[in-house]
Structure formats: C-alpha cells, structure tokens
Amino acid sequence: MRIIILGPPGVGKGSEAEILVEQFNIPHISTGHIFRELFQQDSPLGKIAHEYIDRGELVPDDITNQIVRHRLSQPDAQNGFLFDGYPRSIPQAIALDQFLEEKGWQLDAVINIHADDELIVKRIGGRRICENCGRIYHIVNNPPKVENICDTCGGRLIQRDDDNEETVSKRLEIYHRQTEPVIDYYEQSGRVIHADGSQTIEKTNQDIMKALGEHH
Ligand code: AP5
Ligand code: MG
C-alpha cells in the first residue's frame, strides 16, 4: 500500500498513521519526525529545518523533497509506505508525482483527516511525545500507562517545542494557505478519502479502514 495522510496540525495524522502502518505493515514516513530526529542528532540540515519549525513555517520545498527522495530509496520503502505530513505544498505534490513516476509506482490512497481549529488547539495543548521513539500521547485522551514514561521504549515524554500557542496559530494559518490546496490537487484525480478526525482515534481508524476497503 502507498498511502498519504493529509490534515491540519494536531488533527491526529501521526496517531492514525501509527495504527495504519501496523495494519498494512509499511513504514511510517513523517517528515516532521525526520526533521526532529535530524535536529536531535545535531545535523546541519536539522538545524536549518528547526528554525522554520520553530516559527511554525514550512521547511523549504527543496530541502523537504530531498529528504523524501532519500527516504524513498531505502529498502523498507520499496513495497509500500505511509506519508504523514508530506506533501504539504503544491510544489511538494508535484515533486512526489515525479518520484512516483520514476519508480513506476502509484498511490493507493490519499486520506484527508479533518476537524475544526478549536478542537485541534485542545489536542495539541495536551500532547506529549516520547523523546526517544517519537510515540504520541495525550495527557487526557491517550495517556501512557506510567506518567511521563513511554509504553513502548521507556523513554521520557516531552512537549514539542512548536506546541506553544503562538506557533500553533501560525501552523494553522500556514496549513490553510499552503497545504489545503494540496487536497484539491489530489481531488482532481478523484483519489481522496475524507475522514472525520473529531471522533476517537479508534473510530477514525475504523472509518478509514472501511473507506480503504471500498476503494479497492
Ligand atoms: P509535523 O510533525 O508533521 O506536525 P503537524 O503537521 O503540525 O502535525 P502534528 O504532528 O502536530 O499533528 P498530528 O496530525 O500528527 O496529530 P497527532 O496524532 O500528534 O510537522 C512539524 C513541522 O515540521 C511543520 O510545522 C513544518 O515546519 C515541518 N514540516 C513537516 N513536514 C513538512 C513538509 N512536508 N514540508 C515542509 N515542512 C514540513 O495528535 C495530536 C494530539 O491529539 C496527540 O496528543 C494525540 O494523542 C491526540 N489525538 C489524536 N487523535 C485524537 C483523537 N481522535 N481523539 C482524541 N485525541 C486525539
Ligand atoms: Mg504528527
């Protein structure tokens, strides 16, 4: 399966992706996660990306596309993948079309998860992520078994640097301006599944799985 998940910040792309990649046994490719890892590793590219992320802006398309091209060349991506948070601009969508064409691959599904901005702000406020493996939690909706400790790897849970009020409103603004047009881009070829992200994580997953079944 080759899947893209689109949607505003905090709507649950990462949470749904974590489940779907298990269901389909494909790698989870989150450009945001890759940038955060590069920054933690002190890589020069990670430092550049961090400046944009900190301001709530998109990392430039050429950097992002380069990272994705490299990730798609890895052995585990040859039989399928799930993109979470890529493409999020029209130039990225065009670049991805070109990568796919070079490989002779086609997308199986584009999933757009939606919810209103008010709900999103609440979700981001309670989010915690594992500083080691990146697993996503919420202090109320999806807490770890032991407070502040990751169920999967025992890592410490932290808040993301870009999860403050000011940066979140900037991320939402950028989403509406630069990423929403990507939905129309895929809509033109009739490939978009719309999922209601205001439900529980499990219910949204059920809706997505049902739509994927009907899709085939
Ligand atoms: P990225 O890491 O992709 O962040 P984002 O798009 O802003 O999305 P989030 O990760 O904040 O939210 P999510 O939809 O994954 O929600 P989650 O599942 O965590 O990107 C970060 C930055 O990197 C960008 O701002 C940009 O600067 C840069 N970047 C990344 N990709 C780029 C690209 N392609 N081009 C350029 N720049 C790029 O859920 C949120 C919270 O809600 C969690 O606490 C979760 O537990 C909870 N929750 C989720 N679903 C539910 C539910 N159904 N019910 C109750 N709670 C829920
Ligand atoms: Mg995410």
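Our structure is the block above this text.
This one's a predicted model, so the numbers in the text were calculated from it and none came from an experiment.

Caption draft 1: Structural context of the environment of Ile 129. For Ile 129, the location among the structural elements is in strand S5 (residues 127–130). Along the primary structure Ile 129 and Gly 155 are separated by 26 residues, whereas in three dimensions their C-alpha atoms are 9.4 Å apart. For Ile 129, the residues in contact, after removing those within four places along its chain, are Arg 36, Gly 134, Arg 135, Ile 136, Arg 156, Leu 157, Ile 158 and Arg 160.

Caption draft 2: Focus on helix H2 (residues 31–40). For H2, the full list of buried residues reads Thr 31, Gly 32, Ile 34, Phe 35 and Leu 38. Down the axis of H2, the buried set is contained in an arc of 160°. They therefore lie on one face. For H2, the secondary structure elements touched by its buried residues are strand S2 (28–30), helix H3 (44–55), helix H4 (61–72) and strand S3 (81–84). Immediately downstream of H2, the backbone of Asp 42 shows phi near 65°, a positive value.

Caption draft 3: Structural view of the pattern of salt bridges. Counted under the stated rule, the structure contains 12 salt bridges. For Arg 156, the salt bridge identified is with Glu 131, shortest N-O distance 3.2 Å. Taken together, the residues span a long stretch of sequence, with Arg 156 in the loop between strand S6 (136–138) and strand S7 (157–158) and Glu 131 in the loop between S5 and S6 at a distance of 25 residues. Given the relative accessible area of 32%, Glu 131 is considered partly exposed. Through salt bridges with shared partners, a single network forms among Arg 127, Arg 160, Asp 162, Asp 163 and Arg 171.

Caption draft 4: Here's a closer look at the side chain of Asp 84. With respect to the helices, strands and loops of the structure, Asp 84 is situated in strand S3. Buried charge without a salt bridge: Asp 84, with Lys 13 as the nearest opposite-charge side chain at an N-O distance of 5.0 Å. A polar atom in the side chain of Asp 84 sits 2.9 Å from the side chain of His 28.

Caption draft 5: Spotlight on the pairing of S5. Side chains Arg 127 and Ile 129 project from S5 onto one buried face, and the interleaved Arg 128 and Cys 130 project onto a second face that is buried too. Relative to S6, S5 is paired through 3 bridges, and the arrangement is antiparallel. By the bridge assignment, Arg 127 is partnered in S6 with His 138. In terms of strand pairing, S5 meets S7 through 2 bridges, oriented antiparallel.

Caption draft 6: Focus on the packing of helix H5 (residues 90–103) against helix H7 (residues 165–187). Contact geometry for H5 and H7: axes closest at 8 Å, N-to-C directions at 40°. The pairing of H5 with H7 is recorded here as oblique in orientation. Touching Ile 90, Ala 93, Ile 94, Leu 96 and Asp 97 of H5 are Gln 178, Pro 181, Val 182, Tyr 185 and Tyr 186, all from H7. Looking at the contact of H5 with H7 residue by residue, the classes come out as 8 nonpolar, 1 polar and 1 charged.

Analysis parameters
- Residues numbered from 1 in each chain as written.
- Chains lettered and ligands numbered in written order.
- Predicted model: local features only at pLDDT ≥ 70, side-chain atom pairs only at ≥ 80, totals over all residues.
- Heavy atoms only, no water.
- Helix = DSSP H or I, 4+ residues; strand = E, 2+ residues; numbered from the N terminus.
- Contact = heavy atoms within 4.5 Å.
- Buried < 20%, exposed > 50% of the residue type's maximum accessible area, 1.4 Å probe, protein only.
- Arc of directions from axis to C-beta.
- Salt bridge = Lys/Arg side-chain N within 4 Å of Asp/Glu carboxyl O.
- Lys, Arg positive; Asp, Glu negative; His and termini not counted.
- Polar contact = N/O pair within 3.5 Å; in protein donor to acceptor, adjacent residues only side chain to side chain.
- Pairing = 2+ DSSP bridges.
- Axes fitted to C-alpha atoms, helices over the stretch in contact; angles between N-to-C directions.
- Parallel < 35°, antiparallel > 145°, perpendicular 65-115°, else oblique.
- Nonpolar A, V, L, I, M, F, W, Y, C, P; charged D, E, K, R; others polar.

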